[in-house]
Amino acid sequence: MIEIKNLTCKLNENVVLDDISFKINNGESVAIIGPNGSGKTTLLRFLNGLLDIKKGEYIFDGQRIDNKFINDAKKRKIFHKRVGFVFQNSDNQLFCKTVFNEVAFGLFQFDIKYEEVEKRVFDCFKLLDIEHLKERVPYTLSGGEKKKVAIASTLALNPEVLILDEPLNEIDPKSKRKIKELLKTLNDYGKTIICATHDFEYFKGVFKKAIVISSEHKIIYDGDFESLIGNKEFLEQNNII
Amino acid sequence: MMDWLKEKDEFEFKIRNESFIEKTLSSLLSLISKIRRFDNKGRGIYRIHEAFKLYFTLINIILLSLSFNKFYIMLNASYVILLIILLEDKDVLRILNISLVAFVVSSLIIGPSWFWGNKNAVLVIVKITISISLTMIMSITSNWHNIISAFRLIKVPNIVLFIFNSAIRFIYLLSERAYAILCSLKIRSVGYIKKPYNTLSQIMYNLFVTSIDMSFKMDEALECRCFSGEFKYKIYKRIGKVEFFYSIINIIIILGFFIL
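Fair warning: this is a prediction, and the values are worked out from it, not measured in the lab. (Residues numbered from 1 in each chain as written. Chains lettered and ligands numbered in written order. Predicted model: local features only at pLDDT ≥ 70, side-chain atom pairs only at ≥ 80, totals over all residues.)

Trainee: Just checking my understanding: could you explain the sheet that holds strand S6 (residues 83-86) of chain A for this structure?
Mentor: Backbone hydrogen bonds hold the strands of a sheet together, and the pairing may be parallel or antiparallel. All names here are of chain A. Spatially, six strands are ordered S6-S7-S8-S3-S9-S10 in an open sheet, and the strand pairing comes out mixed. The open sheet has two edge strands, S6 and strand S10 (219-224), and neither has a second partner. Direction aside, the axes of adjacent strands within the sheet are offset by 15° on average. This element, helix H7 (residues 143-155), spans S6 and strand S7 (161-165) of the sheet and lies at about 170° to S6. (Pairing = 2+ DSSP bridges. Helix = DSSP H or I, 4+ residues; strand = E, 2+ residues; numbered from the N terminus. Axes fitted to C-alpha atoms, helices over the stretch in contact; angles between N-to-C directions. Contact = placed C-beta atoms within 7 Å.)

Written out as C-alpha cells, the structure reads:
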C-alpha cells in the first residue's frame, strides 16, 4: 500500500533522511523507532504528503505522490481522507473553537448529512471517553485531553491509514492503555497503523513490524517488532533504550 | 565528577525588586484566565446562547441612545440590576468597578454642562453607565468564540470569523508560552536581573518565531483534515428555556421604548 524508494531529504544542507526505502502493506501495524533528531517526524510528514519529495519516490496504493499529485486539490483531499495524521504537538493540530467542531471539522468538508456527522462525532467521543469535553475550547484542555481530541478528530474521517507521531506524550497511564487498545482494535478492523514512538515497550502486542532509523538518518532495521524489542544489545547500541 | 559539584556554593546574591517580572507575570496570568473562563459553563445567564446576548444587547444600546424617556431609561437600569444579581460574586465586582469608572469619567466630562443649562446631562451620564454595564455583562458572561460566530447571522464570511477565532487561540497559546519563559527567567535569575526590560525583546523574538512555526503547522493541520478553502462549522449549542425567558424580558424592554 505504501512504498518509499530511495527517499533523501535535506533541510538547510543538513541531511534529515538518507536514502530511505521501505514497504508497508495494507492492514499492517508499524512502529517507527529512532533516537531524537533521527528524522521520524519528517518521514511521517512525507507519508502525509506535507513535504515535497525532491529525491526519491513515494507510492501510495499504486499512485505516485509527487508535486503534481499534491497540487491537484481534489486528489489531495481524497488522499488526506484516506491517510489520517495525529501531530506530535496537539496545539498545532487543534484550531476550532469547540471540541465538537474540532472532531466534526473534517466531516464538514464533505457533503455529509449533519445527522451522520453528529453520529460519527459522538461515536468518536465514546471511543476516546471525551463526551464530557464536547463544548470545551480545545486549546484550554490538558495535554492528555488535547491528544485524545486530536486522535478523535483524525478518526472521525475514518482513514484507511492512521499515522501517529508520539501519541503517548503527556498521557496518563489509563489513557495510554485506552489508546493502546484503540490502536489494536483499529488494526483488527483492517486499518494500517504507522506510529513514531519512544514508548515502544508499551505497545507490545500492537505492532507487527518495526522500522528503526539511526541517528545517521538511515534505516538500520526493517522487520519483526517482537524480535526487535528482544534485541536489547541492538537497541542500546543505537541509542534507543 | 567535577570538584565544584561536590561542594556547596557560597555566593552572595544581590536581591532587587522584581516588580517588573511580577507585574508581567500577573497580567499574563489574568489574560490566560480570562480566556480560560470560556470553559466556565455555569448556569443561568452564563448559559444563554451568545447570539441572543449579542443582538439583544446591541438593540438595547441603540434604543437607549435614541431615547430620552426617563421611564424607559429606568426600565433599562432595572434590567441591568436584574442581570447583575444573576452574576457570580467576582463578576459583580468587576462590573461594578467598570460601571463606577464609566460613571465618574462621564460625570467629569458631561457633568459640568448641567450648570450651563444642559438639562439632559444626568440622563446622558446614566445612559453611558447603563450601556457600558450591558456591554460588560455580555462580554463577561459569554464565550468570545461564540460571540464571533454570532456575526454569521449578519453574513460575515466564515473565513473572517476563523481569523478572529485563530487570533484568540494564538493569544492564549503564546501567552502561556510567554508565562512559562518568564517563570523560568524568574527562577534562574535568582532574584536579580541586570536589565529586566532587555529580556522582553528576547522573549518577543522567541514568541515571534514560535507564532510563525505555529501558523505553518496550522496550515498543515487544515490540509490533513481535507480543508478545501471553505469553512463549515456549526455552533453546538441547543436553544432552551433560558434563551426563551431572556428573549421575553428583552422584548418587553424593546416594547417599552415604543410604549412609554
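Trainee: Where do I start with the interface of chain A and chain B in this structure?
Mentor: How big an interface is tends to be expressed through the accessible area that disappears when the partners come together. On the chain B side, the residues contacting the 30 residues of chain A number 24 residues. Residue assignment for the side of chain A that touches chain B shows that the elements contributing at least two residues are helix H3 (73-82), helix H4 (90-93) and helix H5 (99-108) of chain A. Residue contributions to the side of chain A that touches chain B peak at six residues, all from H5(A). Each residue belonging to the side of chain A that touches chain B can be placed in one class, and the counts come to 13 nonpolar, ten polar and seven charged. (Nonpolar A, V, L, I, M, F, W, Y, C, P; charged D, E, K, R; others polar.)

Trainee: What's the story with the sheet that holds strand S4 (residues 55-60) of chain A in this structure? I'm lost.
Mentor: Residues and elements named next belong to chain A. Taken in spatial order, the four strands of this open sheet run S2-S1-S4-S5, and their pairing is antiparallel. The open sheet terminates on both sides in strands that have one partner only, identified here as strand S2 (14-24) and strand S5 (63-64). Summarising the sheet, strand S1 (residues 2-11) and S2 pair through seven bridges and their orientation is antiparallel. By the bridge assignment for S2, Ile-4 is matched with Phe-22. Of the strands in this sheet, S1, S2 and S4 are in contact with helix H1 (residues 40-47), which crosses S2 at around 55°.

Trainee: Quick question: what am I supposed to make of the domain arrangement of chain B here?
Mentor: Looking at the assigned domains, one finds that chain B contains domain 1 (46-142 + 236-260) and domain 2 (156-229). One C-alpha centre belongs to domain 1 of chain B, the other to domain 2 of chain B; they are set 35 Å apart. (Domains from an automatic or database assignment.)

Trainee: Even after reading the chapter, I still don't get unusual backbone geometry, so can you show me in this structure?
Mentor: Leave glycine aside and you will find that most residues have negative phi; peptide bonds, for their part, are mostly trans. Residue and element names in this part refer to chain A. For Asp-19, which is not glycine, the phi torsion reads 50° and is therefore positive. Relative to the assigned elements, Asp-19 resides in strand S2. According to the C-beta neighbour criterion, Asp-19 is partly exposed, with 14 such atoms within 10 Å. The backbone phi angle of His-217 is positive, close to 70°, even though this residue is not glycine. Within the fold, His-217 resides in the loop between strand S9 (209-213) and S10. (Buried ≥ 20, exposed ≤ 12 C-beta atoms within 10 Å, placed from the backbone.)

Trainee: How do you make sense of the nonpolar core when you look at a structure like this?
Mentor: For soluble globular proteins, nonpolar side chains are generally found buried alongside one another. Judged by nonpolar contacts, the single largest core of 82 residues is most densely connected at A:Ala31, A:Ile32 and A:Ala210. Ranked by the residues each element gives to this core, the list is headed by H5(A), at seven residues. Formed by 18 residues, the second largest nonpolar core is a distinct cluster that contains B:Leu64, B:Tyr79, B:Ile125 and B:Met136. (Core = buried A, V, L, I, M, F, W, Y, C linked by C-beta atoms within 7 Å.)

Trainee: Please clarify how the pairing of S4(A) should be interpreted in this entry.
Mentor: In summary, the side chains of a regular strand alternate between the two faces of the sheet. Residue and element names in this part refer to chain A. Direction of pairing for S1 relative to S4: antiparallel, over a ladder of five bridges. By the bridge assignment for S4, Ile-4 is matched with Tyr-58. Note that S4 and S5 share two bridges and pair antiparallel. Note on S5: the bridge partner recorded for Phe-60 is Gln-63. If you look at the hairpin formed by S4 and S5, you'll find two residues sitting between the two strands, and Asp-61 has a positive phi there, around 50°.

Trainee: Could you clarify how one ought to interpret the pairing of S10(A) in this entry?
Mentor: Residue and element names in this part refer to chain A. Of the strand pairs in this sheet, S9 and S10 are connected by five bridges, and their pairing is antiparallel. Bridge assignment links Lys-209 to a residue of S10, and that residue is Asp-224. Hairpin connection from S9 to S10: five residues lie between these consecutive antiparallel strands, with His-217 at a positive phi of about 70°.

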